[in-house]
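Take a look at the letters that make up each chain.
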Amino acid sequence: MEKRVLEQLNQCTGCGACFASCPCGAVSVREDPEQRYGYTAWIDTEKCVECGRCLQICPAASEKTNSNTDSPQCYAVYAEEEILRKSASGGAFSMLADAVLARDGIVIGAAYNEDFRVVHIAVEKRADLDRIRRSKYVQSNVLDAYRIINDTPEEREILFVGTPCQVAGIRSVFSDRHKLYCVDLYCGHTPSFHLFRQYLEEKADPESILSYDFRTKGEGWKSEIAEIKLKDGSRILCHTEDDDYQLCYHTRLMMREVCEHCRFAGRPRQGDLSIADYWWIEESYPELKNDMGTSAVLVNNEKGEYLLKDIQSTAELCRKTELESMKKNRPEGVEAHPARDRFYRLLAEGQSFSKSAQSAFHRRYDIVLWGNWSEKNYGSELTYYALFQVLRAE
């Protein structure tokens, strides 16, 4: 028999801390249809010894000490052109990763596997760094990161990069690891792989896809242009106005409830450093905007100050700015699109990803039931309600 680690729906972020900490191997993490197919932790009750370790370590179940400052120093950063063109934003991550690898450290970040599922992997060579560059608007399976960190000698530097909830899980498990450095990304939300795969199957034969880049820079630094490269050499550009996944992501039509009510999106931040696209920087510092991308880097503690030196020594630009200039970046309490529930209901009813997205976003319906009651008539109202339920069931 199984039960969720967190019994209340839409609390579990799938960070994997409980999985990594269970002394008897009773915890698994898998996609959960009742939580929009996001990763959720489950307990095998036959293996469980009820030690309570899973709830003690879970960042979502209990308040964890966070000594990071709630007024971090903020920097505008961009790399030299070669790195900038390979990066989703200003290349801050690439410079950090390069420095850690140069010290014989390892870097753990999100990569696609062979079926375009997003998983956290370890990189030990600069030649492999491209696998974990650039944004991926899909929830990552982070479980392997715990094994990698556990198996790495403590004297070796590790740079872990992930969403704030993932960083919270890593920090909870490895709180005493001095040479583990964590970078959290300003995260909009993380749709499930289940949705991404369904979209891909409608967009093109997944077997024909060579690569998927959510943030191509063919038209400069923009958030809403993806590029699919096919094995035959052709490519498909995907804009918000003509691509259903871009539409759903950027309008928050498929935002999961756990992301909507994220407790890790605010300050203090979870990582030693935080990295974001420095959107709207031109409103405060027009001279610091680079048409190929500018990163915002927040220094949250002394470890972050140590990492910042790596950027300062190699960046084309690393300029201190006012934190207030980032106020439009993802704050706490961002609401999902009001048609989110209808989008998921249409998917559950067997509609295609495309039709579900278009119908929900544009408020398209196959049937309109119109009733007009000029005075109270409960029999008429009940008749219309019954008809509505019949039509909905069809």
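Residue positions are given per chain, counted from 1 along the sequence in the order it is written. Local features in a predicted model are, by the rule used here, given only for residues with pLDDT of at least 70; side-chain atom pairs are given and counted only at 80 or more, and totals for whole chains, interfaces and linings are based on all residues. Side-chain measures here rest on the full set of heavy atoms in the structure, leaving out hydrogens and waters.

K.L.:
Can you walk me through empty space enclosed by the protein in this structure?
P.N.:
Gaps left between atoms show up when a probe the size of a water molecule is rolled over them. Any residue with an atom within 4 Å of a point lines the site, the site being either a cavity, points on a 1 Å grid over the protein atoms alone where a 1.4 Å probe fits but cannot get out, or a pocket, an open set with protein on both sides within 12 Å along at least 5 of 7 lines. Grid points are joined across faces, edges and corners, and a volume is the space filled by probe spheres set on the points. Counted under the stated rule, the structure contains one cavity of 30 Å³ or more. Counted as a void, the largest cavity has a volume near 100 Å³. Residue polarity is assigned by list, with Asp, Glu, Lys and Arg as charged and Ala, Val, Leu, Ile, Met, Phe, Trp, Tyr, Cys and Pro as nonpolar; anything else, Gly included, falls into the polar class. Of the residues in the lining of the largest cavity, the class split is 12 nonpolar, three polar and no charged.

K.L.:
How should the packing of helix α5 (residues 143-151) against helix α6 (residues 164-173) be read in this particular structure?
P.N.:
Two packed helices can be described by the angle between their axes and the distance between those axes. Relative to each other, α5 and α6 sit at 35°, their axes nearing to 11 Å. Note that α5 runs across α6; the crossing there is right-handed. Two secondary-structure elements touch here, α5 through A145, Y146 and I149 and α6 through G169, I170 and V173. Fitted lines through C-alpha atoms serve as axes, helices being fitted only where they are in contact, and the angles separating the N-to-C directions of these axes extend from 0 to 180 degrees. Runs of E in the DSSP output that reach at least two residues are strands. Runs of H or I that reach at least four are helices, and both are numbered from the N terminus. Crossing handedness is read from the near helix: turned anticlockwise from the far helix by less than a right angle, it gives a left-handed crossing, and turned clockwise, a right-handed one. Contacts: residue pairs with any heavy atoms within 4.5 Å of one another.

K.L.:
Would you mind showing me how to read the packing of aromatic side chains here?
P.N.:
The geometry of two aromatic rings is summed up by the distance between their centres and the angle between their planes. Centres within 6.5 Å make a pair out of two Phe, Tyr or Trp rings, where for Trp the six-membered ring is used; the pair is then stacked when the planes are under 30 degrees apart, edge-to-face when over 60, and tilted otherwise. Applying the stated criterion across every chain yields a total of 18 aromatic pairs. Ring plane angle 55° and centroid distance 4.7 Å describe the contact between Y212 and F214, whose orientation is recorded as tilted. Each member of the pair, Y212 as well as F214, carries the same accessibility label: buried. Between W221 and W279, the aromatic rings sit 4.4 Å apart at their centres with planes inclined by 15°, giving stacked as the arrangement. Taken together, the residues span a long stretch of sequence, with W221 in the loop between β9 (209-213) and β10 (225-230) and W279 in the loop between β12 (273-277) and β13 (295-299) at a distance of 58 residues. One aromatic cluster is present, built from ring pairs that chain together Y137, F196, Y199, Y212, F214, Y245, Y249, F343, Y344 and F353. Think of it in three bands: residues with accessible area under 20% of the maximum for their type are buried, residues over 50% are exposed, and the middle band is partly exposed, with areas taken using a 1.4 Å probe on protein chains only.

K.L.:
How do you make sense of the pairing of strand β6 (residues 118-123) when you look at a structure like this?
P.N.:
A regular strand carries its side chains on alternate faces of the sheet. Among the six residues of β6, five are classified as buried, and the element is accordingly described as predominantly covered. Strands qualify as paired when DSSP identifies two bridges or more between them. Linkage of strand β5 (residues 106-112) to β6, two consecutive antiparallel strands, is achieved through a turn of five residues, within which F116 is found at a positive phi near 70°.

K.L.:
What is the right way to look at the nonpolar core in this model?
P.N.:
Soluble globular proteins: nonpolar side chains tend toward being buried together. In plain words, nonpolar cores are sets of buried Ala, Val, Leu, Ile, Met, Phe, Trp, Tyr and Cys residues tied together by side-chain atoms within 4.5 Å. If you look at the biggest cluster of nonpolar residues, it comprises 32 residues, and the most contacted ones within it are V5, F160, I170 and L180. When residues of this core are assigned to their parent elements, the largest contribution, five residues, is made by α5. Among the nonpolar cores identified, the runner-up in size contains 31 residues, and A110, F116, L195 and Y249 belong to it.

K.L.:
Please clarify how the sheet that holds strand β2 (residues 27-32) should be interpreted in this entry.
P.N.:
The pairing of strands in a sheet happens through backbone hydrogen bonds and is either parallel or antiparallel. Strand order in the open sheet formed by three strands is β1-β3-β2, with antiparallel pairing between adjacent strands. Only two strands of the sheet have a single neighbouring strand rather than two, namely β1 (2-4) and β2. Going from strand to strand, the sheet's axes swing by 45° on average, the running direction of each strand aside. Direction of pairing for β1 relative to strand β3 (residues 38-44): antiparallel, over a ladder of three bridges. By the bridge assignment, K3 is partnered in β3 with I43.

Distances and angles like these do not, on their own, reveal function.
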